[in-house]
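Spelled out from the first residue to the last, the chains are:
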Amino acid sequence: MEKDVKTTLKEAGFGFKKSLGQNFITDKNLLASIVREAGVEKTDTVLEIGCGAGTLTRAIAERAKKVIGFEIDRSLQPVLAQTLAGVQNAEIIFKDFLKTDLSALERETGGYSVVANLPYYVTTPLITKILEEGTLCKSLTVMVQEEVARRFCAAENTPDYGAITAIIALHASAKIIRRVPREMFTPRPNVDSAVVKFTVERGRLPVEDEGLYKKVVHAAFLSRRKTLANNLVRAFNLPRARAEELLTACGIDVLARGETLSPTVFAYLANKISAANL
Ligand code: SAM
């Protein structure tokens, strides 16, 4: 298929757009294993964001009940028509997925999972959109830059752990399922990638107020060199003694840095701050 897709792109006069993160995958074995590792089954509806030349779309269609693909670049229409010729269970919507009304889409799809090879600039907004707005999403399996994948899956007390790790942990557990070297893409990007599977588990953290949890998490990483107490003083405009009192009440060392707290401990702290009515 590799040669065929490249030929199709060439014959269609397609020019890759770096600004849209157009690095395509054509290796059939890799595509099939991504879909398998995503856990796609015959009864599943799958959303694919960014269909490109449709190679992943086709691999998903072979295993799923239905694939609904979004592609922002209309100039891919003739290419997709050829790649997906004869595929009955794929529907392509030419639209910016970030501007799509997810609740309206969910009324049509019912439960679904997401499988996508994402452009780097869409990665965080897209994952956040689905985890925050999507109520029927069961899992997201996404190819992202390896460095970003490590951040999504990091454990506390490691350099990759940050606000995005703790915020994703609100609704999902994340695991890197495979590394993908840059040579597997056309054109070849400057970085390696990895596939991350997010298994959605709403309510997995004992959080009472999600907005406040996020505020606490962002505060904790305001300055990684400062203690958590210092960052809380700044973010919540608190007297130092009050910040230390709240930490002590949660069993957190007053000299601890934010990066040492697990998402569960952030949840306890956010609940304590909520109860304190600051
Ligand atoms: N799925 C294909 C593959 O694996 O070969 C293409 C992946 S390529 C990394 C990402 C695709 O996402 C590009 O075709 C790009 O045009 C499309 N895209 C970029 N931003 C988008 C958006 N906001 N909504 C929908 N598609 C988008």
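Since we're looking at a predicted model, the values are computed, not measured.

(A) Spotlight on the packing of helix α11 (residues 240-249) against helix α12 (residues 263-275). The contact between α11 and α12 brings their axes to 9 Å, and the two run at 130°. Our classification of the angle between α11 and α12 gives oblique. As for how α11 packs across α12, the hand of that crossing is right-handed. Contact with α11, carried on its side by Leu246, Leu247 and Ala249, involves Leu269, Lys272 and Ile273 of α12 and no other residues of that element. In terms of residue class, the contact of α11 with α12 is built from 5 nonpolar, no polar and 1 charged.

(B) Fine view of the site of the ligand. The environment of the ligand is formed by 23 residues, the closest being Ile25, Gly50, Glu71, Asp96 and Asn117. At 2.8 Å from an oxygen atom of the ligand is found a main-chain nitrogen or oxygen belonging to Ile25. A distance of 2.8 Å separates a nitrogen atom of the ligand from a polar atom in the backbone of Gly50. Isolated, the ligand exposes 600 Å² of accessible area, and the fraction of that covered by the protein chains is 99%. Of all the secondary structure elements, the ones that give two or more residues to the shell around the ligand are β1 (24-25) and β3 (66-71). A class-by-class count of the residues in the shell around the ligand yields 11 nonpolar, 7 polar and 5 charged.

(C) Spatial organisation of the side chain of Thr57. Residue placement: Thr57 occurs in helix α3 (residues 55-63). Excluding its chain neighbours within four sequence positions, the residues that come into contact with Thr57 are Glu48, Cys51, Val67, Leu84, Ala90 and Ile92.

(D) Focus on the sheet that holds strand β2 (residues 45-49). Taken in spatial order, the 7 strands line up as β4-β3-β2-β5-β6-β9-β7 in an open sheet, and their pairing is mixed. Two strands in the sheet have a free side with no partner beyond their single neighbour: β4 (90-94) and β7 (172-180). The average undirected angle you get between the axes of adjacent strands in this sheet is 20°. Across 5 bridges, β2 lies against β3 in parallel orientation. Residue pairing for β3: Leu47 is matched across the bridge by Ile68. Against the sheet, helix α6 (residues 123-133) makes contact with β2, β5 (112-117), β6 (137-145), β7 and β9 (193-200), and its axis sits at roughly 175° relative to β6, the strand it touches most. Running at roughly 140° to β6, helix α7 (residues 146-153) makes contact with β6, β7 and β9 of the sheet.

(E) Spotlight on the packing of helix α9 (residues 210-220) against helix α10 (residues 228-236). For the pair α9 and α10, the least separation of the axes is 8 Å and the interaxial angle reads 125°. Relative to α10, the element α9 is oriented oblique. The two elements α9 and α10 cross, and the hand of that crossing is right-handed. Here Leu212, Lys215, Val216, Ala219 and Ala220 of α9 lie close against α10, whose contacting residues are Leu228, Asn231, Leu232, Ala235 and Phe236. Across the contact of α9 with α10, the residue classes break down as 8 nonpolar, 1 polar and 1 charged.

About the thresholds
- Along each chain, numbering runs from 1 in the same order as the chain's sequence is written.
- Reporting of local features is limited, given that this is a predicted model, to residues whose pLDDT is at least 70; pairs of side-chain atoms are given and counted only at 80 or more, and all residues count toward the totals for whole chains, interfaces and linings.
- As a rule here, side-chain values come from all non-hydrogen atoms in the structure, and water together with hydrogens is ignored.
- Where helices are involved, their axes are fitted lines through C-alpha atoms of the stretch in contact, as for all axes, and angles between N-to-C directions lie from 0 to 180°.
- Secondary structure elements are defined from DSSP: runs of H or I of at least 4 residues count as helices, runs of E of at least 2 residues count as strands, and each element is numbered from the N terminus.
- Put simply, angles under 35 degrees are roughly parallel, angles over 145 are roughly antiparallel, angles from 65 to 115 are roughly perpendicular, and the rest are oblique.
- Handedness of a crossing is defined here by the sense of rotation of the near helix relative to the far one, left-handed for an anticlockwise turn of less than a right angle and right-handed for a clockwise turn.
- What makes two residues a contact is simply this: any of their non-hydrogen atoms within 4.5 Å.
- Polarity classes work like this: nonpolar for Ala, Val, Leu, Ile, Met, Phe, Trp, Tyr, Cys and Pro, charged for Asp, Glu, Lys and Arg, and polar for all others, with Gly in that last group.
- Summary of the distance rule: residues count as near a molecule or strand when at least one heavy atom falls within 4 Å of that molecule or strand.
- Under the rule applied, a polar contact is a pair of N or O atoms within 3.5 Å (in protein, one hydrogen donor and one hydrogen acceptor; residues adjacent in sequence only if both atoms are side-chain atoms).
- Note that accessible areas follow from Shrake-Rupley with a 1.4 Å probe, and for residues the cover is restricted to the protein chains shown.
- By the convention used here, strands pair only if DSSP detects at least 2 bridges between them.

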